[in-house]
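Structural overview
What follows is the residue order along each chain.
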Amino acid sequence: MINEIKGQLVAGKGKYAIVVSRFNEFITSKLLGGAVDCLQRHGASDDQITVVWVPGAIEITVAAKRLASSGNYSAVICLGAVIRGQTSHYDYVCQQISRGVGQVNYDTSVPAIFGILTCDTIEQAVERAGTKHGNAGASAAMSAIEMVNVLEQI
Ligand code: INI
């Protein structure tokens, strides 16, 4: 019989850090609400959840790396909203944070979950922050719970 490892969707005793950016706060606060609600509904208590606010998406990586390296957290959930403007700034921000969050995973072996919206329009972001297309913060929290459970078994 094959040995198959699957993550339970139970927060267990895991410690979950959430890094959330203040830029586009009207969206990111909804992502945060979705993430916290998801963690709580899967059994996490208040003392298992730490929330760190940073100025913008670019700053998420450094805080995520500090948290992941501290040894105090089972997973780091990164939440932000990058919305395309009239310049190429968007592309630079997106590139930097996707690489940065990925790097935190490789450098620390603590799962850093990419819950950062990268949208062409504000409407697309609203749709992913608790309306038509669900809540990307809740999805990110779910991924964090699953990864913590998977890694505990490996
Ligand atoms: N930060 C975001 O989180 N979302 C954005 O859409 C955004 N745009 O488009 O500029 C943004 N910029 C700020 C950036 O993340 C840094 O905070 C800033 O450059 C200071 O380092």
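Before reading on, note that the structure itself is shown above.
Below, the structure is looked at part by part. All of these numbers come straight from a predicted model, not from anything done at the bench.

Considering the environment of Ala136
For Ala136, the position within the fold is in helix α5 (residues 136-153). In the structure, Ala136 is positioned 56 residues away from Gly80 in sequence and 9.7 Å away in space, judged by C-alpha atoms. Among residues more than four places away in sequence, those in contact with Ala136 are Leu31, Leu117 and Arg128.

A look at the site of the ligand
All residues in the neighbourhood of the ligand are listed as Ser21, Phe23, Asn24, Gly56, Ala57, Ile58, Glu59, Ala81, Val82, Ile83 and His89. One of the side-chain N or O atoms of Glu59 is found 2.5 Å from an oxygen atom in the ligand. Taking Ile83, its main chain carries an N or O atom lying 3.0 Å from an oxygen atom of the ligand. If the ligand stood free it would expose 460 Å²; the protein chains cover 74% of that surface. Here the element with the most residues in the shell around the ligand is strand β3 (residues 75-83); it accounts for three residues.

Section: the packing of helix α1 (residues 25-41) against α5
Here α1 crosses α5 at 40°, and the two axes come no closer than 6 Å. With respect to each other, α1 and α5 are oriented oblique. For the pair α1 and α5, the crossing hand works out as right-handed. Where α1 approaches α5, its residues Leu31, Gly34, Ala35, Cys38 and Leu39 are matched on the opposing element by Ala136, Gly137, Ala138, Ala141, Met142 and Ile145. Looking at the contact of α1 with α5, its residues break down into nine nonpolar, two polar and no charged.

Examining helix α3 (residues 89-108)
Taking 1.5 Å as the rise per residue, α3 with 20 residues should run 28 Å; its terminal C-alpha atoms sit 28 Å apart, in good agreement. The complete set of buried residues in α3 reads Tyr90, Val93, Cys94, Ile97, Gly100, Val101, Val104 and Thr108. Down the axis of α3, the smallest arc covering the buried residues is 145°, so these residues share one side. Summarising the geometry of α3, the exposed residues directed more than 90 degrees from the buried face are Tyr92, Arg99 and Tyr106. Against the buried residues of α3 lie α2 (60-69), β3 and β4 (112-119). Looking one or two residues beyond α3, the residue adopting positive phi is Ser109, at roughly 65°.

Section: the pairing of β3
Across the nine residues of β3, nine count as buried, placing the element largely inside the fold. Judged by which residues are buried, β3 turns out to be covered on both faces: Ala75, Ile77, Leu79, Ala81 and Ile83 on one side and Val76, Cys78, Gly80 and Val82 on the other are all buried. Examined bridge by bridge, strand β1 (residues 16-21) and β3 share five bridges and lie parallel to one another. Bridge pairing links Val20 to Leu79 in β3. As defined by bridge partners, β3 adjoins β4 across eight bridges and the pair is classed as parallel.

Cut-off values and rules
- Residues numbered from 1 in each chain as written.
- Predicted model: local features only at pLDDT ≥ 70, side-chain atom pairs only at ≥ 80, totals over all residues.
- Heavy atoms only, no water.
- Helix = DSSP H or I, 4+ residues; strand = E, 2+ residues; numbered from the N terminus.
- Contact = heavy atoms within 4.5 Å.
- Near = heavy atom within 4 Å.
- Polar contact = N/O pair within 3.5 Å; in protein donor to acceptor, adjacent residues only side chain to side chain.
- Areas by Shrake-Rupley, 256 points an atom, 1.4 Å probe, with all protein chains shown as cover.
- Axes fitted to C-alpha atoms, helices over the stretch in contact; angles between N-to-C directions.
- Parallel < 35°, antiparallel > 145°, perpendicular 65-115°, else oblique.
- Left-handed = near helix turned anticlockwise from the far one by under 90°.
- Nonpolar A, V, L, I, M, F, W, Y, C, P; charged D, E, K, R; others polar.
- Expected span 1.5 Å × (residues − 1).
- Buried < 20%, exposed > 50% of the residue type's maximum accessible area, 1.4 Å probe, protein only.
- Arc of directions from axis to C-beta.
- Pairing = 2+ DSSP bridges.

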